[in-house]
Amino acid sequence: MTVTAYSHPMGIALADEITDIDLAVLQGMWSVEQYLALTAQTNRLLEYTDGVIEVLPMPTDKHQSISLFLLLCFLAFVRPRGGVAFYAPLRLEIRPGKFREPDLLILTCGDDPRRQNDYWRGADLVVEIVSPDNPARDLEEKPRDYAEAGIPEYWIVNPLDETVTVLTLTEGSFAEYGVFRRGDEARSKLLDGFTVRVDQIFDAR
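This structure is a prediction, so every number in the text was calculated from the model and none was measured. (Residues numbered from 1 in each chain as written. Predicted model: local features only at pLDDT ≥ 70, side-chain atom pairs only at ≥ 80, totals over all residues. Heavy atoms only, no water.)

*Asks:* Let's hear about the packing of aromatic side chains: which residues, and what values?
*Replies:* Counted under the stated rule, the structure contains 11 aromatic pairs. Pairing phenylalanine 99 with tyrosine 119 gives two aromatic rings, centres 5.0 Å apart and planes at 85°, and the pair type is edge-to-face. In this pair, phenylalanine 99 sits in strand E7 (residues 98-100) while tyrosine 119 sits in the loop between strand E8 (104-107) and strand E9 (125-129), placing the two residues 20 residues apart along the sequence. Judged by its relative accessible area of 1%, phenylalanine 99 falls in the buried class. By relative accessible area, tyrosine 119 is classed as buried at 12%. Following the ring pairs from residue to residue traces out a cluster consisting of Tyr35, Tyr48, Phe99 and Tyr119. Over the ring of phenylalanine 77 we find arginine 81, and its NZ or CZ is 3.7 Å from the ring centre. (Phe/Tyr/Trp six-rings, centres within 6.5 Å; stacked < 30°, edge-to-face > 60°. Helix = DSSP H or I, 4+ residues; strand = E, 2+ residues; numbered from the N terminus. Buried < 20%, exposed > 50% of the residue type's maximum accessible area, 1.4 Å probe, protein only. Lys NZ or Arg CZ within 6 Å of the ring centre and 35° of its normal.)

*Asks:* Give a description of the confidence of the model for the protein chain that names residues and reports values.
*Replies:* When pLDDT is low, close inspection of the predicted coordinates is not appropriate. Taken as a whole, the protein chain shows an average pLDDT of 90; of its residues, 90% reach a score of 70 or greater. For the stretch residues 1-7, pLDDT sits under 50, and the model shows 8 contacts to residues farther than four places along the chain or on other chains. (pLDDT = per-residue confidence, 0-100. Contact = heavy atoms within 4.5 Å.)

*Asks:* Break down the sheet that holds E8 for me, with residues and values.
*Replies:* Read across the open sheet, the 6 strands follow the order E5-E8-E9-E10-E11-E12; overall the sheet is mixed. The open sheet terminates on both sides in strands that have one partner only, identified here as strand E5 (84-87) and strand E12 (173-180). The average angle at which neighbouring strand axes cross in this sheet is 20°, direction not considered. With 3 bridges connecting them, E8 and E9 associate as antiparallel partners. Note on E9: the bridge partner recorded for isoleucine 106 is leucine 125. (Pairing = 2+ DSSP bridges. Axes fitted to C-alpha atoms, helices over the stretch in contact; angles between N-to-C directions.)

Written out as structure tokens, the structure reads:
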């Protein structure tokens, strides 16, 4: 099996100098503390796995429209029930030495001890909006990561084919709960009663 790592170039340009310093040579050697310090200085999405930092692409207007719409939908449902919903950038620890930054993170209880200030140590539901630069990241890699983290439900919102795939955790791995398309109402198994029309997701402005 061949695994391809996608990452935008990393570098630093010193003020009043023409020298560019390539940070890629440090890949594999970054510490968790260095990763946390770097992410504290930027709103760019940076993910971390065992010494390697991946710089994610800047979100598009369409991506943010979908993200905002879903955030408001989840907030309206979970907040009256004592839950919380947040959006990237917010670090989520998958395990020691691995961090992701989901587009949306939901906890059904706002007082959940996994809700930490620097980063969350878990979530009940996460949402990723598929990025065209590397769809496999959201479709193949992150299901494994979120299953490893023990997250009960994962929504994959795919603007490329206008589907919403809801995965639920079963015996340590994700199983397909439903694939929803235009004309359907995407629904959650975890959040009993939560539904959202797929048309509204992909028509969000």
